[in-house]
Amino acid sequence: MITKLTRRAALTAFVAAGVLAGSSAAGFAEDKVQLRLATSGSETDQRSVAMRDVFAPMVSEFADFVPSYNGTIFAQGTELDAISRGNLEMSIASAQELAQFFPEFSIFTAGYVHQDAAHQVAVFNDELMDPFKKKVEEELGVKLLSVMYLGRRQVNLRQSKDDLTVKTPADLAGVNLRMPGTDAWQFLGKALGASPTPMAFAEVYTALSAGAVDGQDNPLPTVVDAKFYEVTNQIVLTSHLVDLNYIAMSVEVFNSLTPEQQATVQKAADAAAESGRKAQLQKEQELVSFLEEQGMEIYEPDLDAFRSQVQSMYLESEFASTWPEGVLDKINALGQ
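Residues numbered from 1 in each chain as written. Predicted model: local features only at pLDDT ≥ 70, side-chain atom pairs only at ≥ 80, totals over all residues. Heavy atoms only, no water.

Peer 1: For this particular structure, what's the right way to read the nonpolar core?
Peer 2: What tends to happen in soluble globular proteins is that the nonpolar side chains get buried as a cluster. Judged by nonpolar contacts, the single largest core of 57 residues is most densely connected at Phe105, Phe108, Leu144, Leu157, Leu172 and Tyr246. Other than its neighbours up to four places away in sequence, leucine 144 contacts Leu98, Phe105, Phe124, Val136, Tyr246, Ile247 and Ala248. Of all hydrophobic cores here, the second largest spans 26 residues; its members include Leu35, Leu37, Val59 and Leu257. (Core = buried A, V, L, I, M, F, W, Y, C linked by side-chain atoms within 4.5 Å. Buried < 20%, exposed > 50% of the residue type's maximum accessible area, 1.4 Å probe, protein only. Contact = heavy atoms within 4.5 Å.)

Peer 1: Just checking my understanding: could you explain the environment of phenylalanine 201 for this structure?
Peer 2: With respect to the helices and strands, the residue phenylalanine 201 is situated in the loop between β6 (195–198) and α8 (204–210). The spatial distance from the C-alpha of phenylalanine 201 to the C-alpha of lysine 283 is 21 Å, given a sequence separation of 82 residues. (Helix = DSSP H or I, 4+ residues; strand = E, 2+ residues; numbered from the N terminus.)

Peer 1: Quick question: what am I supposed to make of helix α12 (residues 303–315) here?
Peer 2: Residue pairs three or four apart in sequence face the same way in an α-helix, which turns once every 3.6 residues. In this model, α12 (13 residues) spans 18 Å end to end at C-alpha, consistent with the 18 Å of a helix rising 1.5 Å per residue. Turning to α12, its buried residues are Leu303, Phe306, Val310 and Tyr314. Buried residues of α12, viewed axially, fall in a sector of 65°; they line one side. Across from the buried face of α12, at angles greater than 90 degrees, the exposed residues are Asp304 and Leu315. Contacts from the buried residues of α12 go to α7 (183–191), β8 (234–250) and α13 (318–321). Of the residues that open α12, the one with a side-chain oxygen 3.2 Å from the backbone nitrogen of aspartate 304 is aspartate 302. (Expected span 1.5 Å × (residues − 1). Arc of directions from axis to C-beta. Polar contact = N/O pair within 3.5 Å; in protein donor to acceptor, adjacent residues only side chain to side chain.)

Peer 1: For this particular structure, what's the right way to read helix α11 (residues 259–293)?
Peer 2: Given a rise of 1.5 Å per residue, 35 residues ought to cover 51 Å, and the 51 Å separating the end C-alpha atoms of α11 matches this to within 8%. At leucine 287, α11 shows its largest kink, close to 40°. The set of residues buried in α11 consists of Val265, Ala268, Ala269, Ala272, Ala273, Gly276, Arg277, Gln280, Lys283, Glu284, Leu287 and Leu291. Positive phi appears at glycine 295, one or two residues downstream of α11, with a value of about 95°. (Bend = angle between axes of the 7 residues up to and from the residue.)

What follows is the structure in structure tokens.
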């Protein structure tokens, strides 16, 4: 077992050192809590912007928010483990990453389960999520504060529409589609009909440019933010996943805060999530025209064919066997 020096213990040691050194009669000001956030997203990503411009000011009285971008301090997929080990305070975590630790989280990674951004919020705030949140807190030491809307994921390819027109999953056969490396992501790629290729997000632009992969899947704002339109030619509007992230925080750090500070952190996380959600939804609406101006071909395939194949594969997979009984019905009941 790894021995971790808690912030509270560190502060106690610091206090003792100050007393021994002869602190002034007025004492000393307690250091602010450091909240380092690691994300694989860029500085201009809507999630990053929301955390910097909304979350950080709301907690600034007692915490220093220190973000890092593009996987610079922890590689994509390693952030939750870093929080668990006491080496990181916060991250923007995906359900796919959580499914590596807790297979039942794969229900939130399944294609065509979440219906839209509002549905995501309703699901996260419903009591059906309580056992999921509790397990992550107790077994991983991570608190899920709020849910962030990442967007509807679309298939983005190097080939032109003349070279490859995608109408059904069968048309993606043999296409090397970059997906993150977790089992949940890789399964989704297969369910779409493609040959998924695991790769860190930071490597995708170069891989597309060099032809090491044929395509990638992400929401339109990410396609623009990462400039994937410079090295691809078409976007197939599969909308196969209404993708989400969770604002995740160390339980140990959260519990070291006063009740008032905890309430402020929660309020700040919810406000940042709402701000990012509104910005992402607006951006999605505006980007089709922009991408077409960049020469991208954008079209919708046979969505019924995709939805039918993806859902069928999930229900027949080992993932569905890990889903708590009745939860899918509860999720569906919260939708339209």
